Amino acid sequence: MLLKTTRACDVRESQVTDESLYIARRKFMQGTAALAGASMLPASSLWPQPAGAAISIGDVEKSVFSTAEELNSFEDITSYNNFYELGLKKGDPKRNADRLVTEPWSIRVEGECDKPGDYDLEDFIPAPRLEERIYRLRCVEAWSMVIPWVGVELGPVLKRFEPTSKAKYVQFFTLYDPKNLPGQRRSVLDWPYREGLRMDEAMHPLTILAVGLYGKELPNQNGAPLRLVVPWKYGFKSIKSIVRIRFTQSEPATSWNQSAPREYGFYSNVNPAVNHPRWSQKRERRIGEILKRKTLPFNGYAEQVAGLYAGMDLKKHF
Ligand SMILES: Nc1nc2c(c(=O)[nH]1)N[C@H]1C(S)=C(S)[C@@H](COP(=O)(O)O)O[C@H]1N2
Ligand SMILES: [Mo]
């Protein structure tokens, strides 16, 4: 077990050549090359390239924002999930994964921006500079994982839609498809799942849209084809399977805050000093480990993001 706590920017030299990561990246590239060579491309395949122009290995760059901590296994990351649309138990999302229909997929952009519209996935992120971002994910239920995401920074994606000066927040929605998604036939949440960020949080370089993990396209249970990842906030902010984003002037509604406002605030920054009303947030269990570890303010990303909240009372704005 790693006893040393690492900072987000603490990239070890060994990580750059780490063999398992290299193999994972190779797999992703082989997959992309195979798809590019196929005559019929499934609509879900991301950014099919013209023949002979398969994305080269250089196109998934390693990020300086990656943690050097030990990764959770692909198995852990894809079989222990929260995705209430696919069921309430941790094993349900994997079991029901094929209920999520990811093709065709488009994203509606609306609200305070000059370029609203319906965008196919490939137009929404036209020329992705894919990065591998190894982030800790801290669930509000006091467990955590380390996940090697493949994604793009959200900020430059949002800028293309030219948010107006009134755009102070951005809201995200998951698809609504109760015919197929078993969880949406029950009113555990007010569907569709929705989340939101303040614009400066959305523009922060740590905030990404993930399209893959472990060098492969996102499995459905992890939020295919496109999900948010905000590593300094509780996992529920990282909304899956996004179909709509809306730029707003005032703080947007978010699902967990709507369902239990005393338990889940809009900000939901990881904060060991603010307990959930029903349990402590001081410690967490890394999936795969037995001993609990201390939860760090902002999930260990304080150096990068604490400044966003200067002057705010984070016990009030939890
Ligand atoms: N649409 C949607 N997004 C969601 C959820 C959900 O139920 N529905 N669960 C959230 C929670 S509580 C967590 S901890 C993370 C889990 O992401 P993972 O299963 O990919 O690790 O997804 C978040 N995004
Ligand atoms: Mo969570």
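The rules behind each value
- Positions within a chain are numbered from 1, following the residues in the order the chain's sequence is written.
- The lettering of chains begins at A and the numbering of ligands begins at 1, in the order of writing.
- The predicted origin of the model limits local features to residues at a pLDDT of at least 70 and limits the giving and counting of side-chain atom pairs to 80 or more, whereas totals for whole chains, interfaces and linings rest on all residues.
- Side-chain measures were taken over the full set of non-hydrogen atoms in the model, leaving aside hydrogen atoms and water.
- In DSSP terms, a helix is any run of H or I states spanning at least four residues, a strand is any run of E spanning at least two, and both are numbered starting from the N terminus.
- Note on exposure labels: buried denotes an accessible area under 20% of the residue type's maximum, exposed denotes more than 50%, and partly exposed covers the range between, all computed with a 1.4 Å probe on protein chains only.
- For this analysis, residues touch if any pair of their heavy atoms sits within 4.5 Å.
- The term salt bridge refers to a pairing of a side-chain nitrogen on Lys or Arg with a carboxyl oxygen on Asp or Glu at a separation within 4 Å.
- When we say a residue is near a molecule or strand, we mean one of its heavy atoms is within 4 Å of it.
- By the criterion applied in these results, polar contacts are pairs of N or O atoms within 3.5 Å in which, for protein atoms, one can donate a hydrogen and the other can accept it, and in which residues neighboring in sequence qualify only through two side-chain atoms.
- The accessible surface values rely on the Shrake-Rupley method and a 1.4 Å probe; as for residues, cover is taken only from the protein chains in view.
- The way it works is a 1 Å grid over only the protein atoms, where trapped points that fit a 1.4 Å probe form a cavity and open points with protein on both sides within 12 Å along at least five of seven lines form a pocket, and then any residue with an atom within 4 Å of a point lines it.
- Think of it this way: a molecule belongs to a cavity or pocket when more than half its atoms come within 2 Å of the grid points there.
- Any pair of Phe, Tyr and Trp rings, taking the six-membered ring for Trp, is counted once the centres come within 6.5 Å. Such a pair is stacked with planes under 30 degrees apart, edge-to-face with planes over 60 apart, and tilted for the rest.
- Should the NZ of a Lys or the CZ of an Arg lie within 6 Å of a ring centre and within 35 degrees of the ring normal, that charge is described as sitting over the ring.
- Values of pLDDT, which run from 0 to 100, indicate the predictor's confidence residue by residue.

Draft legend 1. Looking closely at unusual backbone geometry. Following Glu103, the chain continues into Pro104 via a peptide bond in cis, with omega recorded as -5°. A positive phi angle, close to 75°, is found at Ala142, a residue other than glycine. When you line up the elements, Ala142 lands in the loop between strand E4 (131-138) and strand E5 (143-153). The phi angle at Phe298 is positive, at roughly 50°, despite the residue not being glycine. Relative to the helices and strands, Phe298 is located in the loop between strand E13 (293-294) and helix H9 (302-305). By relative accessible area, Phe298 is classed as buried at 9%.

Draft legend 2. Summary view of the pairing of strand E7 (residues 194-198). Judged by how many residues are buried, E7 sits mostly within the fold: 5 of 5 residues are covered. Across the two faces of E7 the burial is the same, with Arg194, Gly196 and Arg198 and Glu195 and Leu197 all buried.

Draft legend 3. The arrangement of the environment of Arg129 in detail. Among the structural elements, Arg129 can be located in the loop between helix H5 (121-124) and E4. For Arg129, a relative accessible area of 51% corresponds to the exposed category. Not counting the four nearest positions on each side in its chain, Arg129 is found in contact with Asp59, Glu61, Gly151 and Val152.

Draft legend 4. Spotlight on the pattern of salt bridges. According to the stated counting rule, one finds 23 salt bridges in the structure shown. The residue Arg293 makes a salt bridge to Glu289 at a minimum N-O spacing of 3.0 Å. For the residue pair Arg293 and Glu289, the accessibility class agrees, reading buried in each case. Linked by salt bridges that have partners in common, Glu69, Arg136, Arg138, Glu284, Arg286, Glu289 and Arg293 make up one network.

Draft legend 5. Quick look at the site of ligand 1. As a matter of local geometry, ligand 1 sits amid 15 residues, with Asn81, Tyr84, Glu85, Arg227 and Lys240 nearest to it. Measuring from an oxygen atom of ligand 1, one finds a side-chain N or O atom of Lys240 at 2.7 Å. Taking 530 Å² as the accessible area of ligand 1 by itself, protein coverage stands at 98%. With respect to the detected pockets, ligand 1 is housed in the largest pocket.

Draft legend 6. Just the packing of aromatic side chains, in detail. For the coordinates displayed, the defined rule picks out 12 aromatic pairs. On the basis of an interplanar angle of 10° and a centroid distance of 5.6 Å, the ring pair of Phe298 and Tyr309 is categorised as stacked. In this pair, Phe298 is assigned in the loop between E13 and H9 and Tyr309 in the segment after H9, connecting sequence segments 11 residues apart. Through successive ring pairs, a cluster of aromatic residues spans Tyr169, Phe266, Tyr267, Phe298 and Tyr309. Positioned above the aromatic ring of Phe266 is the side chain of Lys237, whose terminal nitrogen or guanidinium carbon lies 4.4 Å from the ring centre. One cation-aromatic arrangement involves Arg244 over Phe173; the distance from NZ or CZ to the ring centre is 3.9 Å.

Draft legend 7. Geometry of the confidence of the model for the protein chain. Mean pLDDT for the protein chain: 86, with 82% of residues reaching 70 or above. Segment residues 1-44: pLDDT under 50, and 75 contacts once partners within four positions in sequence are set aside and those in other chains are kept. Every residue in residues 49-58 is under pLDDT 50, and counting partners more than four places away or in other chains gives 12 contacts.

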